[in-house]
Amino acid sequence: MAIELRASGARALIEPRYGGRIHQLFVEIDGREEPLLFAPPEPAMYAREPFAGGCYPMAPWPNRIRGGRFFWAGREYAVPLDAAGQALHGLVFDQPWQVVARAGRVVEMVCGFGAGWPWEGRAWERVELGPGYLALKLEVRSAREAFPAGCGWHPWFRRDVAGSRDVGLAVPAGNRYVLRDHLPTGELATPSGDFALEGAPLGARRLDDCYTGFQTPAARIDWDRLSLTVAFACPRPHLQVYTPPQAFCVEPQTCPPDAFNLSAGATPSSEGADFAAPGRPLSLTSRWTWALR
């Protein structure tokens, strides 16, 4: 059953059954509730299409692992692949989460990583809705021993909020990752051309790129009537930007795609994975704030 959080001028629907995701976030614009997230009409549709819609947590890794294989402490490990042969978005986006706390405008949930992860651990998530903000926290927790870890959120945003004709996106990052076969090589480049996100409309730009090198880790989304800031914090903040035609995604992450393999490669310019250990969870926070334009 969905959990509804309410605050002045906003409402959020949380779906623990379908990956602990935020199914929808409504914000009042000109006296009318407007959905900000691209989402299916019925949450049950996530059982067939778990990737496309709402805002779901990714753990114990975000985005992709090349071939589902990586090395840690001198040993090779493998994680499950999907039907397309990808180790994509972690192990909890399509699993039921357990609600462990529910009070007022706050809900907390947990989900274990299961047999697909070589180590014993789980993800923990906190969602709080307040007047003009949504506050999120995500942790990767280890039960017994240290392991490589990453996490993030994958929000799908609508392009046409409140009838908007296009959407502007500002990502004040000093670097983006150079890609080969859609995965980072470890080399960094200064964003330029279509990769420079300075607030101009997205238009027909098709991006699936990771940004880092933030002085202030935050992105700003501008629809015609609403501005939304997505701020995020962790030791090494990253942001994945994905812009298919029907929607767009602005994804705070603790690391880039394929970070476990970037760490093993030890490329000088790469920022690889972190780790989780007992009593030392890997944490990511994000705060969304909005205002009318």
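Residues numbered from 1 in each chain as written. Predicted model: local features only at pLDDT ≥ 70, side-chain atom pairs only at ≥ 80, totals over all residues. Heavy atoms only, no water.

Asks: Help me understand the overall build of the protein chain in this model?
Replies: The helix and strand tally for the protein chain stands at one helix and 26 strands. If you line up the protein chain on its principal axes, its C-alpha atoms span 60 × 45 × 35 Å. A separation of at least 24 residues holds for 65% of the contacts in the protein chain among residues at least 6 apart in sequence. Looking at the protein chain, you have 30 positive and 31 negative side-chain charges, and the mean spots of the two groups are 2 Å apart. (Helix = DSSP H or I, 4+ residues; strand = E, 2+ residues; numbered from the N terminus. Contact = heavy atoms within 4.5 Å. Lys, Arg positive; Asp, Glu negative; His and termini not counted. Charge placed at Lys NZ, Arg CZ, Asp CG, Glu CD.)

Asks: What is the right way to read the nonpolar core from this model?
Replies: One recurring pattern in soluble globular proteins: nonpolar side chains tend to sit buried together. Grouped together as the largest cluster of nonpolar side chains are 72 residues, with contacts concentrated most on L25, W117, F157, V171, I221, W288 and W290. If sequence neighbours within four positions are ignored, L25 has contacts with R11, A12, E34, P35, L36, L37, L129, L134, W288 and W290. Grouped together as the second largest cluster of nonpolar side chains are six residues, M58, F93, W156 and C249 included. (Core = buried A, V, L, I, M, F, W, Y, C linked by side-chain atoms within 4.5 Å. Buried < 20%, exposed > 50% of the residue type's maximum accessible area, 1.4 Å probe, protein only.)

Asks: I would appreciate a short explanation of the sheet that holds strand β16 (residues 168-170) in the present structure.
Replies: Sheet strands line up and pair through hydrogen bonds in the backbone, either parallel or antiparallel. Read across the open sheet, the nine strands follow the order β10-β11-β12-β13-β26-β22-β21-β16-β19; overall the sheet is antiparallel. Each edge of the open sheet is held by one strand with a lone partner, namely β10 (98-103) and β19 (198-201). Sheet twist, expressed as the average angle between the axes of neighbouring strands with direction ignored, equals 15 degrees. Judged from the 10 bridges that link them, strand β12 (residues 121-130) and strand β13 (residues 133-142) form a sheet pairing that is antiparallel. By the bridge assignment, R126 is partnered in β13 with K137. (Pairing = 2+ DSSP bridges. Axes fitted to C-alpha atoms, helices over the stretch in contact; angles between N-to-C directions.)

Asks: Got a minute to help me understand the environment of D160 in this structure?
Replies: In this structure, D160 sits in the loop between β15 (152-157) and β16. Here D160 falls in the partly exposed class, since its relative accessible area comes to 40%. C-alpha separation for the pair D160 and R66, spaced 94 residues apart in sequence, amounts to 34 Å.

Asks: Help me understand the pairing of β10 in this model?
Replies: Each regular strand displays side chains that alternate between the two surfaces of the sheet. Two strands pair when backbone bridges link them, and β10 and strand β11 (residues 106-112) are joined in this way by five bridges, in the antiparallel orientation. Opposite A103, over in β11, you have V106 as the bridge partner. Between the end of β10 and the start of β11, which pair antiparallel, lie two residues, with G104 showing a positive phi angle near 60 degrees.

Asks: In this structure, what is going on with the pattern of salt bridges? I would like to understand it.
Replies: Any two side chains of opposite charge can pair if their charged atoms end up close together. Evaluation of the coordinates by the stated rule reveals 18 salt bridges. With a shortest N-O distance of 3.7 Å, E139 and K137 are connected by a salt bridge. A relative accessible area of 30% places K137 in the partly exposed class. A salt bridge links E139 to R141; the shortest N-O distance between them is 2.8 Å. Residue classification places E139 among the buried positions, given a relative accessible area of 8%. When its relative accessible area of 26% is taken as the criterion, R141 is described as partly exposed. Each member of the salt-bridge network shares a partner with another, and the members are E4, R6, R11 and E33. (Salt bridge = Lys/Arg side-chain N within 4 Å of Asp/Glu carboxyl O.)

Asks: Is there a simple way to think about the side chain of S227 in this case?
Replies: Checked against the element boundaries, S227 lands in strand β22 (residues 226-233). Engagement of the side chain of S227 in a polar contact is seen with the side chain of D222, the distance being 2.8 Å. Non-local contacts of S227, meaning those with residues more than four positions away in its chain, are made with R220, I221, D222, T289, W290, A291 and R293. (Polar contact = N/O pair within 3.5 Å; in protein donor to acceptor, adjacent residues only side chain to side chain.)

Asks: Hey, could you run me through the confidence of the model for the protein chain in this one?
Replies: When pLDDT drops low, the exact placement of atoms in the prediction is not to be read closely. Confidence in the prediction of the protein chain, expressed as mean pLDDT, is 95, and 97% of residues score 70 or more. Confidence over residues 266-270 falls short of pLDDT 50; this stretch has nine contacts with residues more than four positions distant or in other chains. (pLDDT = per-residue confidence, 0-100.)

Asks: Help me out: how do you make sense of the packing of aromatic side chains in this one?
Replies: How two aromatic rings sit relative to each other is given by the distance of their centres and the angle of their planes. Considering all chains together, one arrives at 21 aromatic pairs under this definition. Ring centres of Y56 and F93 lie 6.2 Å apart, and the angle between their planes is 45 degrees; on these two criteria the pair is classed as tilted. Placement of Y56 in strand β5 (residues 55-58) and of F93 in the loop between β9 (87-88) and β10 is noted, with a sequence separation of 37 residues between them. Its relative accessible area of 7% is what places F93 among the buried residues. With a centroid separation of 5.4 Å and an interplanar angle of 50 degrees, the aromatic rings of F157 and W288 are classed as tilted. With a gap of 131 residues between them, F157 in strand β15 and W288 in strand β26 (residues 282-292) connect regions that are remote in the sequence. Within the aromatic cluster, the residues linked to one another by ring pairs are W61, F70, Y77, F113, W117, W119, F147 and F260. In this structure, R287 packs its charged tip against the face of Y133, placed 4.0 Å from the ring centre. (Phe/Tyr/Trp six-rings, centres within 6.5 Å; stacked < 30°, edge-to-face > 60°. Lys NZ or Arg CZ within 6 Å of the ring centre and 35° of its normal.)

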